Amino acid sequence: MDMEISHETNHKQHQINQDSSNTGQPHESLYLVLPYLPLFELLAMAQVCKSFNNALKDDILPWLNIIVDENLQRSRISDEILVKIASKAMGRLRTLVLNNCGRITNDGVQTVVAMNPNIEKLHVPQCTSLTPEGIIQAVTTLNQHSATLKSLKINGIYNITKDHFQTLCMLLKSNEMQHKRFYPDTSRQDSIDVGICPKCDQVRMVFDCPLETCERKKTIGGCRGCKFCILRCEECGKCVDEDDSEAACEDTLCLDCWIKLPKCGFCNKPYCNKHAYKQSVLPESSGFVCEACYSTIDEI
């Protein structure tokens, strides 16, 4: 009997020691979530514990797609940080998306594409420190390898001329022809987000009106053009007149979209979805206040 009690006691003690050794360890299911986390949440998880840090250091899967598009992240990304993060992909980076990252320069992008020749998506809209020449250099570098670039977004890069645009189109066309040689049945969309506006002849994003009953479509000039030539609803993209409804973010909305969106409790103006993050919530209020009205309240 004493021996049985002693054996049972030792068994329980072994279980206690085993349980205590696992105390504080992340649940195994959390490791499966890591590859799907946004970039800065991923970097934060690497600081949570040694287990996560080791898992992320040894696995390239979470680092194959670098996407920076949240407003609080943009100002934190510099060339040095970008190169350090991109190096975690071990040369196998597939997607580089940098929206409105003003601190990223030509050198930073060039370093990343040189390290990762198989990038398929290069999206750098509104990265105002980049130049057309830097973009051309980056695309040329990618074309010197396996020519996998499928999507290029450069809207908002300053001083893009028709010559720059045509050079990029030639590089992407060469890339596309090589792609079709291996994948002849693949249907591909436009690989660049800008074009030459048929009205002002400038390189900008060019839109077609989605409105079936658009009167402009029946005219010789049509309803294709950049947003500077044809005013459009920020939400649905159809053409609007200058006296259509104005949003709190000063974008223009058609009446249908204006009615559907929630309004500021003071000025009764909505935000378009792109600028909805500017909403402020007052205590004990179920609605929101726009940026302009919130400033006025603070002054009072």
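Residues numbered from 1 in each chain as written. Predicted model: local features only at pLDDT ≥ 70, side-chain atom pairs only at ≥ 80, totals over all residues. Heavy atoms only, no water.

- Per an unreviewed UniProt entry, the chain is named F-box domain-containing protein, and its organism is Lactuca virosa.

## Observations regarding the environment of Phe165
Reasoning step 1: Looking at the secondary structure, you find Phe165 in helix H9 (residues 162–182).
Reasoning step 2: You can call Phe165 buried: its relative accessible area is 11%.
Reasoning step 3: C-alpha of Phe165 to C-alpha of Arg204: the two residues are 39 residues apart in sequence and 9.9 Å apart in space. (Helix = DSSP H or I, 4+ residues; strand = E, 2+ residues; numbered from the N terminus. Buried < 20%, exposed > 50% of the residue type's maximum accessible area, 1.4 Å probe, protein only.)

## Considerations on the confidence of the model for the chain
Reasoning step 1: Chain-level pLDDT for the chain is 81 on average; 73% of the residues reach the 70-or-more range.
Reasoning step 2: The element-level mean pLDDT for the chain is lowest in helix H1 (residues 2–21), coming to 46, with strand S3 (residues 121–123) highest at 97.
Reasoning step 3: Below pLDDT 50 for its whole length, residues 16–22 participates in zero contacts with residues either more than four positions away or in separate chains.
Reasoning step 4: pLDDT under 50 marks residues 178–189. Its contacts with residues more than four places away, or in other chains, come to nine contacts. (pLDDT = per-residue confidence, 0-100. Contact = heavy atoms within 4.5 Å.)

## Thoughts on the pattern of salt bridges
Reasoning step 1: By the definition in use, this model includes six salt bridges.
Reasoning step 2: Here Asp201 and Lys162 are joined by a salt bridge, their closest N and O atoms 3.0 Å apart. Here Asp201 is found in the loop between strand S5 (195–196) and strand S6 (203–204), whereas its partner Lys162 is found in helix H9, with 39 residues between them in sequence.
Reasoning step 3: With relative accessibility at 40%, the residue Asp201 sits in the partly exposed group.
Reasoning step 4: Take Lys162: its relative accessible area is 33%, and that puts it in the partly exposed class.
Reasoning step 5: A salt bridge links Asp208 to Arg224; its shortest N-O distance comes to 2.8 Å. You can see Asp208 sitting in strand S7 (residues 207–208) and its partner Arg224 sitting in strand S8 (residues 224–225), a full 16 residues away along the chain. (Salt bridge = Lys/Arg side-chain N within 4 Å of Asp/Glu carboxyl O.)

## Comments concerning the environment of Asp208
Reasoning step 1: Sequence separation of Asp208 and Cys223 is 15 residues, and the distance between their C-alpha atoms is 6.2 Å.
Reasoning step 2: The contacts of Asp208, once residues within four sequence positions are left out, are Cys223, Arg224 and Arg232.
Reasoning step 3: In terms of polar contacts, Asp208 uses its side chain to reach the side chain of Arg224, at 2.8 Å. (Polar contact = N/O pair within 3.5 Å; in protein donor to acceptor, adjacent residues only side chain to side chain.)

## Focus: the packing of aromatic side chains
Reasoning step 1: According to the stated counting rule, one finds one aromatic pair in the structure shown.
Reasoning step 2: Positioned over the ring face of Trp63 is Lys88, at 5.2 Å from the centre of the ring. (Phe/Tyr/Trp six-rings, centres within 6.5 Å; stacked < 30°, edge-to-face > 60°. Lys NZ or Arg CZ within 6 Å of the ring centre and 35° of its normal.)

## Focus: helix H7 (residues 106–115)
Reasoning step 1: Those residues of H7 lying buried are Gly108, Val109, Gln110, Val112 and Val113.
Reasoning step 2: Buried residues along H7 sit in contact with helix H6 (79–86), strand S2 (95–98), S3 and helix H8 (132–143).

## Side note on the nonpolar core
Reasoning step 1: Membership of the largest hydrophobic core comes to 40 residues, with the highest contact counts inside it found for Leu98, Leu152 and Ile154.
Reasoning step 2: Looking at this core element by element, the count peaks at five residues for H8.
Reasoning step 3: One finds Cys249, Cys257, Cys272 and Cys293 within the second-largest nonpolar core, a separate group that totals 15 residues. (Core = buried A, V, L, I, M, F, W, Y, C linked by side-chain atoms within 4.5 Å.)

## Quick notes on the packing of H6 against H7
Reasoning step 1: As a packed pair, H6 and H7 sit with axes 9 Å apart at the nearest point and diverge in direction by 10°. The pairing of H6 with H7 is recorded here as roughly parallel in orientation. Residues Asp79, Leu82, Val83 and Ala86 of H6 touch H7, and the partners they reach there are Gly108, Thr111, Val112 and Met115.
Reasoning step 2: Residue classes in the contact of H6 with H7 are distributed as five nonpolar, two polar and one charged. (Axes fitted to C-alpha atoms, helices over the stretch in contact; angles between N-to-C directions. Parallel < 35°, antiparallel > 145°, perpendicular 65-115°, else oblique. Nonpolar A, V, L, I, M, F, W, Y, C, P; charged D, E, K, R; others polar.)

## A word on the sheet that holds strand S1 (residues 65–68)
Reasoning step 1: One open sheet holds the four strands; their spatial order is S1-S2-S3-S4, and the pairing between them is parallel. Each having just a single partner strand, S1 and strand S4 (151–153) make up the two edges of the open sheet. Strand-to-strand twist across the sheet, computed as the mean angle between neighbouring axes with direction ignored, equals 5°.
Reasoning step 2: The pairing of S2 with S3 spans three bridges and is parallel. Looking across to S3, one finds that Thr95 is bridged to Lys121. (Pairing = 2+ DSSP bridges.)

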